[in-house]
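Topology and contacts: notes
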Amino acid sequence: MTATLAHSHGNRTGTPPERFTSSDPDAFEVPTGREEEWRFTPLRRLRELFTPFEPTTRITGEVSAPEGVSWAIEPLSPAGVLAPADRVSALALQRAPQSFVLRVAAGARLDDPVLVTGVASPGIGYEHMVIEVGERAQATVVVDYRGSATIAENVEILVGDGGSLELVSVQGWDADAVHLSAHAARIGRDAHLRHMAVNLGGAVVRLSPTVHFGGPGGRADLIGVAFAGPGQHLETRLYIDHDQPDCSSDVLYKNALQGDDARTVWIGDVRIRPVATGTNTFELNRNLVLTDGARADSVPNLEIETGEIVGAGHASATGRFDDEQLFYLMARGIPEAEARKLVVRGFFAELLDKVPVPELHDRLVATIEKRLAEVAGGPA
Amino acid sequence: MSVLEIRDLHVSVKLPDGSRKPILAGVDLTVGAGQTHAIMGPNGSGKSTLAYSIAGHPKYQITGGQVLLDGADVLAMTVDERARAGLFLAMQYPVEVPGVSVANFLRTAKTAIDGEAPKLRTWGKELTGAMTRLGMDPAFAQRNVNEGFSGGEKKRHEIVQLELLKPKVAILDETDSGLDIDALRVVSEGVNRVREQGDTGVLLITHYTRILRYVKPDFVHVFVAGRIVEEGGPELAEKLEAEGYERYLSGAGGRA
């Protein structure tokens, strides 16, 4: 396998500009595609999201929640964690008709994961979700989306002091769905968030997870699994803002791509502010290109504004599954389809093994293998 | 008992510009079960081309001749079918396969070759045993295939596979290259264990005679300019050691 290091380093001199945020949609121009934050995204496939619209669909579904969890659909009620960083997010935060709010009581130790299954019927909609884990509570939450729609969404995640949340966000959309979603988390003192994004379906999915810390001692693990098939665009834009001392973050995103115009984009911005002494952070993006005609972009950025840190690093590697690897495996009797499966299964195993629900793990493995078996160049 | 027959084999290599360059110019060779044939020749004589074209590497195009394993047409088979039919190629440059552990790879290969999964109860012991005999730390089973292996570790891993997969015919392509004297001995012992079973025919491709001190060939073939130019017993290897390939090369038009 050839590995290429294709990434740019963040500017470490001077003071980096604040990331621009606003709750006013008109504070953001309608993008032209030349902007840094939109230059990888196929804008023509999401034009309708840049102007205000009347929602024609919404995500409905089921919630399975053990004792200690309450949930409700409330009038739109932003939690104050998310500051929109683009026009679509700002429009969604202003115009979502309601909020889905899930609360885990302080001190609760959940016996079972919370399963939120959301289905969208065709149409266009705004969504807003709040997941709030109380102090010292421990919870696992799976948010599992499927269906066919165009959705602009904001998700606000609050982990109280000493709390722990394992959140799995599955984009299992039908092939024609468009989904732009901003996830913003605030991690309390000595609290822990494991955020896992699984992007499998949809024509265009753009997920922007943002983390900041509400006190010292917080820990954020962000992991991601994506499989992009022909014509599919799967984009992740991470931002981890180390704005408290003694916090740590660990990022590992893996993308596999197969087929003509399969596309993944991974932007990982980590900022260590002057106050954030004792920070330990590492981020890694690995891409596996299975066929010609697919393209993976990877841009990790690290801005370090204090020298008094434990560690900071990033890495990015894009490898190809090439003819020599295939020959080697086949020369040991392994059929071609099995060889591809072996390589892709091995590539994702360390991440999928962290899926906290066995049925979900098995379903994701099966879905990836089914996608893998689809003839490259065929329908997504 | 198995037999591999190579008849008047002509092979071209596909060059990056799309043109073809003839490499093998009519190779005839028969390898029976339990026999060890050494193919010796200078660099660029086509020894590796012979190995890779029998295994089915897509870079090589067969332009004439036949390869038969127990009468079955090997050239009509896909690469994996050839391996399942009983051919094994220990490669000169084993390929790294990131993300796939040695343990998983070997179990998958064993399952494919045998047509059924190895018994869990005995497989672990078999794997550990084969690795230990080849001087590979069994902890390598959890590492990715050939990733970060030294040259010697890659070669040991190839022979571990040879022992586990028990092929009818094994082609060893310069397995001795890049090995220090201790590794050469360990690897040779592995090859000899397979030979002693008496079921496997071995085609040993080498540049040097030193491996032949450990793995005694029954037949030695001198390979020059894409074909076999002389054949004999083990004594031929000693003659080559003393005289080199010079006189074959001058006969074939001289060294460039």
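Residues numbered from 1 in each chain as written. Chains lettered and ligands numbered in written order. Predicted model: local features only at pLDDT ≥ 70, side-chain atom pairs only at ≥ 80, totals over all residues. Heavy atoms only, no water.

1. Side note on the environment of Leu49(A)
Residue and element names in this part refer to chain A. Test applied: The helix and strand labels rest on DSSP assignments: H or I over at least four residues marks a helix, E over at least two residues marks a strand, and numbering proceeds from the N terminus. Exposure is judged per residue with a 1.4 Å probe applied to protein chains only, and the accessible area is read against the type maximum: over 50% gives exposed, under 20% gives buried, and values in between give partly exposed. Whether two residues are in contact is decided by their heavy atoms, any of which lying within 4.5 Å being enough.
For Leu 49, the location among the structural elements is in the loop between strand S1 (3-4) and strand S2 (59-64). Judged by relative accessible area, which is 0%, Leu 49 ranks as buried. Counting along the chain gives 101 residues from Leu 49 to Thr 150, while the straight-line C-alpha distance between them is 8.3 Å. If sequence neighbours within four positions are ignored, Leu 49 has contacts with Val 88, Leu 91, Ile 124, Thr 150, Ala 152, Val 178 and Leu 180.

2. Describing the packing of aromatic side chains
All names here are of chain A. Defined as follows: Here is the rule: rings of Phe, Tyr and Trp (six-membered ring for Trp) pair when centre to centre is within 6.5 Å. Planes less than 30 degrees apart are stacked, more than 60 are edge-to-face, and the remainder are tilted. We count a charge as sitting over a ring when the NZ of a lysine or the CZ of an arginine lies within 6 Å of the ring centre and within 35 degrees of the ring normal.
Applying the stated criterion across every chain, the model contains 10 aromatic pairs over all chains. Aromatic side chains Phe 53 and Tyr 126 sit 4.0 Å apart centroid to centroid with 10 degrees between the ring planes, which places their arrangement in the stacked category. In this pair, Phe 53 sits in the loop between S1 and S2 while Tyr 126 sits in strand S6 (residues 124-133), placing the two residues 73 residues apart along the sequence. Taken individually, Phe 53 and Tyr 126 each receive the classification buried, so the pair is uniform in this respect. Ring centres 5.8 Å apart and planes at 35 degrees place the aromatic pair Trp 71 and Phe 100 in the tilted group. With a gap of 29 residues between them, Trp 71 in strand S3 (residues 69-75) and Phe 100 in strand S4 (residues 98-104) connect regions that are remote in the sequence. Above the face of the Phe 347 ring, Lys 254 is positioned so that its terminal group lies 4.9 Å from the ring centre.

3. What to know about the interface of chain A and chain B
Convention followed: As used here, buried area is the combined drop in accessible area, with a 1.4 Å probe, of two parts when they are placed together. For salt bridges, the criterion is a side-chain nitrogen of Lys or Arg within 4 Å of an Asp or Glu carboxyl oxygen. Any pair of N or O atoms that falls within 3.5 Å is considered a polar contact. Within protein, one atom must be able to donate a hydrogen and the other to accept it, and sequence-neighbouring residues count only if both atoms are side-chain atoms. Each residue receives one of three labels: charged for Asp, Glu, Lys and Arg, nonpolar for Ala, Val, Leu, Ile, Met, Phe, Trp, Tyr, Cys and Pro, and polar for the others, Gly being one of them.
Contacts between chain A and chain B engage 19 residues on the former and 32 residues on the latter. Together, the buried faces of chain A and chain B total about 2,000 Å²; carbon and sulfur atoms form 71% of this surface. If you sort the residues of chain A by the area they bury against chain B, Phe327(A), Tyr328(A) and Arg332(A) come out on top, with a joint share of 41%. On the surface where chain A and chain B come into contact, there are one salt bridge. Among the ionic pairs, Arg332(A) bridges to Glu158(B), the shortest N-O distance being 2.7 Å. Summed over the shared surface of chain A and chain B, the result is nine residue pairs in polar contact (both at pLDDT 80 or more). Every element with two or more residues in the side of chain A that touches chain B is listed here: helix H2 (323-330) and helix H3 (336-352) of chain A. Its residues assigned to classes, the side of chain A that touches chain B shows 11 nonpolar, three polar and five charged.

4. What to know about the side chain of Thr206(B)
All names here are of chain B. For Thr 206, the position within the fold is in strand S10 (residues 201-206). Residue classification places Thr 206 among the buried residues on the basis of a relative accessible area of 0%. The contacts of Thr 206, once residues within four sequence positions are left out, are Ile 39, Met 40, Gly 41, Lys 47, Asp 176, Ile 211 and Tyr 245.

5. Digging into helix H6 (residues 181-196) of chain B
Residue and element names in this part refer to chain B. Condition: Multiplying one less than the number of residues by 1.5 Å gives the expected span of a helix.
Helix length check: H6 (16 residues) gives 22 Å between terminal C-alpha atoms against 22 Å at 1.5 Å per residue, within 8%. Every buried residue of H6 is listed here: Ala 183, Leu 184, Val 186, Val 187, Ser 188, Gly 190, Val 191, Asn 192, Val 194 and Arg 195. Contacts from the buried residues of H6 go to strand S3 (36-40), helix H4 (120-133), helix H5 (151-165), strand S9 (169-173) and S10. Gly 198 sits one or two residues past H6 and shows a positive phi near 80 degrees.

6. Some details on the pairing of S9(B)
The two faces of a sheet get side chains in turn, since along a regular strand they alternate between them. Residue and element names in this part refer to chain B. For the record, the criterion: Paired strands are those between which DSSP finds at least two bridges. A right-handed crossover is one whose linking path, passing over the helix from the first strand to the second, runs clockwise when the strands point away from the viewer.
Most of S9 is tucked away, with five of its five residues classed as buried. A two-sided burial pattern is seen for S9, the buried positions comprising Val 169, Ile 171 and Asp 173 on one face and Ala 170 and Leu 172 on the other. By the bridge criterion, four bridges tie strand S6 (residues 87-90) to S9 in an arrangement that is parallel. In the sheet register, Phe 88 faces S9, and the bridge partner there is Ala 170. Looking at chain direction, S9 and S10 are connected through five bridges and run parallel. Bridge assignment links Asp 173 to a residue of S10, and that residue is Ile 205. Between the parallel elements S9 and S10, the chain passes through H6 in a crossover that is right-handed.

7. Here we look at unusual backbone geometry
Here Asp70(B), not a glycine, exhibits a phi torsion of approximately 50 degrees, which is positive. Structurally, Asp70(B) can be placed in the loop between strand S4 (60-69) and strand S5 (72-73).

8. Re the pattern of salt bridges
Applying the stated criterion across every chain yields a total of 38 salt bridges over all chains. Notably, a salt bridge pairs Arg320(A) with Asp292(A), separated by 2.8 Å at the nearest N-O pair. With Arg320(A) in strand S19 (residues 311-320) and Asp292(A) in the loop between strand S17 (280-289) and strand S18 (295-304), this residue pair connects regions lying 28 residues apart in the sequence. Residue class for Arg320(A) comes out partly exposed when judged on its relative accessible area of 31%. The partner of Asp114(B) in a salt bridge is Lys110(B), with the nearest N and O atoms 3.2 Å apart. Here the residue Asp114(B) and the residue Lys110(B) both occupy positions in helix H3 (residues 102-114), the gap between them amounting to four residues, near one helical turn. Of the residues examined, Lys110(B) reaches a relative accessible area of 7% and is grouped as buried. When salt bridges that share partners are traced, they join Asp86(A), Arg206(A), Glu235(A) and Arg237(A) into one network.

9. Looking at the nonpolar core
Most often, soluble globular proteins have nonpolar side chains that are buried together. The following threshold applies: For this analysis, a nonpolar core means a set of buried residues of the types Ala, Val, Leu, Ile, Met, Phe, Trp, Tyr and Cys, connected via side-chain atoms within 4.5 Å.
Counting residues in each nonpolar core, the largest one holds 118 residues, and the members touching the most others are Leu329(A), Phe348(A), Ile6(B), Leu50(B) and Leu172(B). Here the element with the most residues in this core is H3(A); it accounts for eight residues. Once you skip the residues sitting within four places of it in the chain, Ile6(B) turns out to touch Val27(B), Asp28(B), Leu29(B), Leu50(B), Ile54(B), Gln66(B) and Val67(B). By size, the runner-up hydrophobic cluster in this structure holds 56 residues, among which are Val104(A), Leu110(A), Val116(A) and Ala228(A).

10. Thoughts on the sheet that holds strand S16 (residues 263-272) of chain A
Residue and element names in this part refer to chain A. This is how it is decided: Inter-axis angles, ranging from 0 to 180 degrees, are taken between N-to-C directions of lines fitted to C-alpha atoms, where helices are fitted over the stretch in contact.
Pairing in this open sheet of nine strands is mixed, and the strands run S3-S4-S6-S8-S10-S12-S14-S16-S18 from one edge to the other. Strands with a single pairing partner mark the edges of an open sheet, and in this sheet they are S3 and S18. On average, adjacent strands in this sheet sit at an angle of 10 degrees to one another, irrespective of strand direction. Relative to S4, S3 is paired through seven bridges, and the arrangement is antiparallel. Its bridge partner being in S4, Ser 70 is matched across the sheet by Arg 103.

11. Brief notes about the sheet that holds S6(B)
Residues and elements named next belong to chain B. Ordered by their spatial adjacency, six strands build an open sheet running S6-S9-S10-S3-S11-S12, and the pairing between neighbours is mixed. Strands with a single pairing partner mark the edges of an open sheet, and in this sheet they are S6 and strand S12 (227-232). For this sheet the average axis-to-axis angle between neighbouring strands, irrespective of direction, equals 20 degrees. Bridging between S3 and S10 involves five bridges; their strand directions are parallel. From the neighbouring strand, Thr 36 faces S10, where its bridge partner is Val 202. Relative to strand S11 (residues 219-224), helix H7 (residues 234-243) is tilted by about 45 degrees, and along the sheet it contacts S3, S11 and S12.

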